[in-house]
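Listed below, chain by chain, are the residues.
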Amino acid sequence: MRGVTFPGNRQAEIREFPDPHAGPGEAVLKVRASGLCGTDLHRYRGPDPTDMITGHEPCGVIEELGPGAPPGIKLGDRVICHHYAGCGVCENCAMGYEQLCPQGRITFGGGTGHGANADYILVPSRSLVLLDDELSFEEGAAISCGTGTAWNGLKKMDVSGRDIVAVFGQGPVGASGTLSAKAMGAQVIAVDIVPERLALAKELGADHVINSLEVDPVEAIRELTGGLGVTVSQETSGNPTARQQVLECLRPFGRCCYVGIGGPAEIDFNRDVIFKVATIFGSWTFSKSELIEIERFFVDTKAPLNKLITHRYSLDQAVEAFKEFDGAKTGKCVFVME
Ligand SMILES: [Zn+2]
Ligand SMILES: [Zn+2]
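Since the structure is predicted, the reported quantities are computational estimates derived from the model, not experimental observations.

## Quick word on the packing of helix H3 (residues 137-156) against helix H4 (residues 172-183)
In a pair of packed helices, the angle between the axes and the distance between the axes together describe the arrangement. At a minimum axis distance of 8 Å, the contact between H3 and H4 shows a crossing angle of 50°. By the angle between their directions, the pair H3 and H4 is classed as oblique. Along this stretch, H3 crosses H4, giving a crossing that reads as right-handed. Contacts from Gly146, Thr147, Ala150, Trp151 and Leu154 in H3 reach Val173, Ser176, Gly177, Ser180 and Ala181 in H4.

And the structure:
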């Protein structure tokens, strides 16, 4: 089968791998969609080669099931994979947070296990979640990391129609934050430096967009909120300045959630946390049960998840796909397999 690896320094390569087969407790998925996610770019840009197949947003159909599979799944089922494997029995694993297993974890498509930018992927059968009939494979792929991550951060902050939410960064995760916060009923202010991404944010329902290269986003947010600032903010870019601004733009009692990966930032804890009585959350993807909750949210609200996906590629277009995604002008990019 084909699989995409990163030889290092902004290269992608399609290589041949043996077809996987399911042993006890394992499943082979025929991959139908595999999303490109921001964390892929860190490894794509880096100098070190990855021998493992990339792609940590797997969505497909069960092709093979080894003995010991949960009785709720069968061959041919449409599924999303919660793309981690921990020990499977500790407290965090039992909660469905296998990524937080103290004994370590495999991340499928994240460097420690083969991922979904391939014809097939081998995963633990317990990692699978049924894909709702109303969601497409590509929507399932988006939910399985980037979109779900944004959604779950907003859930932690209990976002509702009483909130004004500022989302910093409008890449695929931030754009998902904009879409999700709107669907939760909030007003949304989207912040980015790329006009194409701000245009997409508008399309996804942002009430206001701010180009932080052109204006100070904190001042602009205060102007839009009667001088008060927002009630909720979410940081998806990982940029050190944005990591400061996302707290500065909060009004008293505001809530802020960090999901974007990046370098250290200087925070004025007196001004922006203590005297503001702010609440700060960190969020890293979601549990397996939250993955089901996120799916149900998009089915129930009919929030236009498909609008988020701006670029679709065949696996043979992997080189072009990563080059375009690295250009940071796209919305969600997804490999779609026949
Ligand atoms: Zn991801
Ligand atoms: Zn564990």
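## Regarding helix H1 (residues 38-45)
Looking at H1, one finds that the buried residues are Asp40, Leu41 and Tyr44. When H1 is viewed along its axis, its buried side chains cluster within an angular range of 100° and face the same direction. For H1, the elements touching its buried residues are strand S3 (26-35) and helix H10 (318-326).

## Things to note about a nonpolar patch on the surface
On the surface, a cluster of nonpolar side chains totalling about 450 Å² of accessible area is made up of Phe269, Ile274, Phe275 and Ile280. For Phe275, the location among the structural elements is in the loop between helix H8 (269-274) and strand S15 (279-282). Exposure remark for Phe275: the relative accessible area of 68% places this residue in the exposed category.

## A closer look at the coordination of the zinc ion (ligand 2)
At 2.3 to 2.4 Å from the zinc ion (ligand 2) lie its protein donor atoms, namely Cys87 (SG), Cys90 (SG), Cys93 (SG) and Cys101 (SG). All donors to the zinc ion (ligand 2) come from one chain, and their sequence spacing reads C-x2-C-x2-C-x7-C. Across the pair, Cys101 and Cys93 agree in class, each one buried.

## Section: the coordination of the zinc ion (ligand 1)
Donor atoms from the polypeptide that coordinate the zinc ion (ligand 1) comprise Cys37 (SG), His56 (NE2) and Cys145 (SG), at 2.1 to 2.2 Å from the metal. Along the chain, the residues donating to the zinc ion (ligand 1) are arranged with the sequence spacing C-x18-H-x88-C. Of this pair, Cys37 sits in the loop between S3 and H1 while Cys145 sits in helix H3; the two residues are 108 residues apart in sequence, bridging distant segments of the chain.

## Details of the pattern of salt bridges
Here the structure, examined in full by the defined rule, presents 18 salt bridges. Ionic pairing is found between Lys74 and Asp77, a salt bridge with its closest N-O pair at 2.9 Å. In this structure Lys74 comes out as exposed when scored by relative accessible area, which is 53%. On the basis of relative accessibility, which here comes to 11%, the residue Asp77 falls in the buried class. Of the charged contacts, one joins Asp272 and Arg271 as a salt bridge, the two residues approaching to 2.8 Å between their closest N and O atoms. Of the residues examined, Asp272 reaches a relative accessible area of 4% and is grouped as buried. Through salt bridges with shared partners, one network takes in Glu248, Asp268, Arg271, Asp272 and Lys276.

## Overview of the side chain of Lys332
In this fold, Lys332 is placed in strand S17 (residues 332-336). Residue Lys332 is classed as buried on the basis of its relative accessible area, which comes to 1%. At a separation of 3.0 Å, a polar atom in the side chain of Lys332 contacts the main-chain carbonyl oxygen of Leu36.

Calculation criteria
- Residues numbered from 1 in each chain as written.
- Chains lettered and ligands numbered in written order.
- Predicted model: local features only at pLDDT ≥ 70, side-chain atom pairs only at ≥ 80, totals over all residues.
- Heavy atoms only, no water.
- Axes fitted to C-alpha atoms, helices over the stretch in contact; angles between N-to-C directions.
- Helix = DSSP H or I, 4+ residues; strand = E, 2+ residues; numbered from the N terminus.
- Parallel < 35°, antiparallel > 145°, perpendicular 65-115°, else oblique.
- Left-handed = near helix turned anticlockwise from the far one by under 90°.
- Contact = heavy atoms within 4.5 Å.
- Buried < 20%, exposed > 50% of the residue type's maximum accessible area, 1.4 Å probe, protein only.
- Arc of directions from axis to C-beta.
- Patch = residues over 30% accessible without salt bridge, like charges linked within 9 Å, V, L, I, M, F, W, Y side chains within 5 Å.
- Areas by Shrake-Rupley, 256 points an atom, 1.4 Å probe, with all protein chains shown as cover.
- Salt bridge = Lys/Arg side-chain N within 4 Å of Asp/Glu carboxyl O.
- Donors = N, O, S within 2.8 Å, 3.2 Å for Na, K, Ca; no water.
- Polar contact = N/O pair within 3.5 Å; in protein donor to acceptor, adjacent residues only side chain to side chain.

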